[in-house]
Amino acid sequence: MKTTTLTKPIGFENEVKKAIQFSKNHYENFPVLSLFFSKEQNNSIALIYKFARLSDDIADSKDSPIYNKIVQLDLFRMQLENDVPNEMQEFFRSLKYVFAKNNLNIENLFNLLKAFKFDAEMKEFEKYDDILNYTKNSANPIGKLILEIHGIQNQEIHQLADKITTALQLTNFLQDIKSDYERNRIYFANENLKQYDLEKDKLLEEQNHPKLAEIVNKYSEKIEEFYREGSRITKYLPLKLRVQIKLTILGGWRILKKIKQSSIKNLLENPPKLNNFDRIKILLEVMLEISKNKNRESNFYYTFKFLPKEKSKDIEDFYTFARMSDEIVDKTLTNLPKDITLVNWQNELELGFNGKSTIELMNRIGKIREKYDINGLYFFELLRGLERDILQDRIKDFAELESYAYDVASTVGLISLKIFGYTSPIAPSFAINLGKALQIINIIRDVREDYLMRRIYIPLTFLEEFGVKESELMEKRVRPQMKEMLSILGKKAEDFYYKAFDSLYEKDKKTLFPAVAMGKIYFELYKKMKEDNFNVIENRYSLTKNEKLKIVFWEIVKGKLGLWKLQ
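Below is a summary of the structure that appears in this document.

1. Section: the packing of helix α8 (residues 155–175) against helix α12 (residues 239–261)
- Contact geometry of α8 with α12 gives a least axis separation of 10 Å together with a crossing angle of 35°. Crossing geometry of α8 relative to α12 is assigned as left-handed. Of the residues in α12, those touching α8 at Ile164, Leu168, Thr171, Leu174 and Gln175 are Thr248, Ile249, Gly252, Ile255, Leu256 and Ile259.
- Of the residues contributing to the contact of α8 with α12, the split by class is seven nonpolar, four polar and no charged.

This is the structure we're talking about:
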């Protein structure tokens, strides 16, 4: 059954606003709304969540008689089927509107109501399979609707989503054993209670805790299997949805881990929840996936593929670390403070140097540091530079810009240099100067994007000297003064670039070809901007994949044939 009306209700915007606030006011093991979803998608999810939560609250009410609960849930069903004039009329109109507009299957809502009616009637589960059948109505519809909102109708993907939502529901049952019991609900099958010789009216008594622990462990094993099987869904999802689903999976899995580690007494008295530390850990793990994907889109990726296999893997791990460090300060993925997330990331780096980090990437970074005898200070200088992006949004003068460029770019070069290998004692000068050049080129190219993120990397002394207002950094019309200012800043980048190559010895060019190629890719980008008179506000400059590969291949050929003097 699908709704057909496509007329936007008069009170739609107001109902969406109230639903979003409603979603934010309720705790869940997983995020309800997502920064990875569009505004329209989040609006739909907020309305669906409010419907599900209100229905659940009706079924959960301790004070309401069973008959009243059934009547209220039946009224919700009627309001899905018809336009019933009452205080919820505008909400249901808005809810049915998003179902019609997005071609969502409204049977999913009717299935939710079946599960809530089951709860309201306080029915029991005779067999474990009865619990799984219950989750088909209580949890699986939500997963299906999230996929449908993203236009995914593939039934195999829907089946994997069913496993995840089932796992999340069963995890919630173990999390809420006591609160459910107080509402006369037991989400263990009678056959399992009998198997462990547990009587319902004595289920939570302390002498039964060892038996209760056994049944909790048994259910936990089954839940883990659902998480493992369902996790395959991430292979088939677009990146933003994949990241959000992975956040949800890891959140539920983390709760389950806490349940398994908890005593029954503690589980009953203090049901585990996700704290900020948990959220940071989960966020960092998911951001690793984002960083790995972005590595493949970056200029650096094209140079790594021509390195020996071991070095290629090591440099890719390091760039994943660097990329992710940057993501922490650039992206607002949760409501957690960026500085706290960065401090936790730095702590994990320190642990990784000793092989004791809970993040496997950090342990690999520790091994890379040891294998190539890399100065550990470089890693922390990199994080120090990124911390500046959190603590300050303006650069005072060019000296401060040069210091910042060293921290966030030259350190990356110095670490990469050790991995690539070199013999000349002045090779580090190549990395330092090239890093500064590339960072300034980035700053020129990204003037508008940085301003929209409320950051200005062009020194304030430059803005003052050329009479350029900060607001001009995003205006389409670029005055000659601004182009002159960017030209002078570009000349600084050129000076660093030529200084870098002046300190590169012939014997190091064969091993350092990735850095050489990277420098030339960026310098070609710079020349495009310069030839176009730095029209960076209106244009986004880049090189094509073929242009990048041509530069990389040419540097390799020159190395093989000894043609380094050909520029």
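This is not the end of the story, as more comes after the structure.
2. Re unusual backbone geometry
- For Asp197, which is not glycine, the phi dihedral falls at a positive 55°.
- Looking at the secondary structure, you find Asp197 in the loop between α10 (190–195) and α11 (209–230).
- You can call Asp197 exposed: its relative accessible area is 53%.
- In the Ramachandran plot, Arg454 falls in the positive-phi region, its phi being about 65° despite a non-glycine side chain.
- Relative to the assigned elements, Arg454 resides in the loop between α22 (447–452) and α23 (460–466).
- Judged by its relative accessible area of 69%, Arg454 falls in the exposed class.

3. Looking at the side chain of Arg455
- When you line up the elements, Arg455 lands in the loop between α22 and α23.
- A distance of 2.8 Å separates a polar atom in the side chain of Arg455 from the backbone oxygen of Val329.
- Not counting residues up to four positions away in its chain, the partners in contact with Arg455 are Val329, Asp330, Asp389, Asp393, Arg394 and Asp450.

4. Let's talk about the pattern of salt bridges
- Applying the stated criterion across every chain, the model contains 39 salt bridges.
- Linking Glu229 and Lys163 is a salt bridge whose minimum nitrogen-to-oxygen distance equals 2.9 Å. Of this pair, Glu229 sits in helix α11 while Lys163 is found in helix α8, placing the two residues 66 residues apart along the sequence.
- Glu229 gets classed as partly exposed once you look at its relative accessible area, which sits at 27%.

5. Thoughts on the packing of aromatic side chains
- Enumeration over the complete set of coordinates arrives at 33 aromatic pairs.
- With a centroid separation of 5.2 Å and an interplanar angle of 70°, the aromatic rings of Phe76 and Phe92 are classed as edge-to-face. Taken together, the residues span a long stretch of sequence, with Phe76 in helix α3 (residues 66–81) and Phe92 in helix α4 (residues 89–101) at a distance of 16 residues. Summarising the burial analysis for this pair, Phe76 and Phe92 share the class buried.
- Note on Tyr134 and Tyr187: the rings are 5.9 Å apart at their centroids and 45° apart in plane angle, and the pair reads as tilted. Linking Tyr134 in helix α6 (residues 128–138) with Tyr187 in the loop between α9 (177–182) and α10, this pair joins segments that are 53 residues apart in sequence.
- Overall, the relative accessible area of 8% leaves Tyr187 in the buried class.
- Connected via pairs of aromatic rings, a cluster forms that spans Phe318, Tyr319, Phe321, Trp345, Phe353, Phe379 and Phe380.
- Over the face of the ring belonging to Phe22 we find Lys50, whose NZ or CZ atom lies 5.8 Å from the ring centre.
- We note Lys492 situated over the ring of Phe398; from NZ or CZ to the ring centre the distance is 4.8 Å.

6. Here's the deal with the environment of Arg93
- By the secondary structure assignment, Arg93 is in helix α4.
- Considered as a pair, Arg93 and Ile10 are 83 residues apart in the sequence and their alpha carbons are 9.3 Å apart.
- In this view, Arg93 contacts Pro9 and Asp83; residues no more than four positions away in its chain are not counted.
- At a separation of 3.0 Å, a polar atom in the side chain of Arg93 contacts the side chain of Glu90.

Conventions adopted
- Residues numbered from 1 in each chain as written.
- Predicted model: local features only at pLDDT ≥ 70, side-chain atom pairs only at ≥ 80, totals over all residues.
- Heavy atoms only, no water.
- Axes fitted to C-alpha atoms, helices over the stretch in contact; angles between N-to-C directions.
- Helix = DSSP H or I, 4+ residues; strand = E, 2+ residues; numbered from the N terminus.
- Left-handed = near helix turned anticlockwise from the far one by under 90°.
- Contact = heavy atoms within 4.5 Å.
- Nonpolar A, V, L, I, M, F, W, Y, C, P; charged D, E, K, R; others polar.
- Buried < 20%, exposed > 50% of the residue type's maximum accessible area, 1.4 Å probe, protein only.
- Polar contact = N/O pair within 3.5 Å; in protein donor to acceptor, adjacent residues only side chain to side chain.
- Salt bridge = Lys/Arg side-chain N within 4 Å of Asp/Glu carboxyl O.
- Phe/Tyr/Trp six-rings, centres within 6.5 Å; stacked < 30°, edge-to-face > 60°.
- Lys NZ or Arg CZ within 6 Å of the ring centre and 35° of its normal.

Any link to function would need more than the numbers given here.
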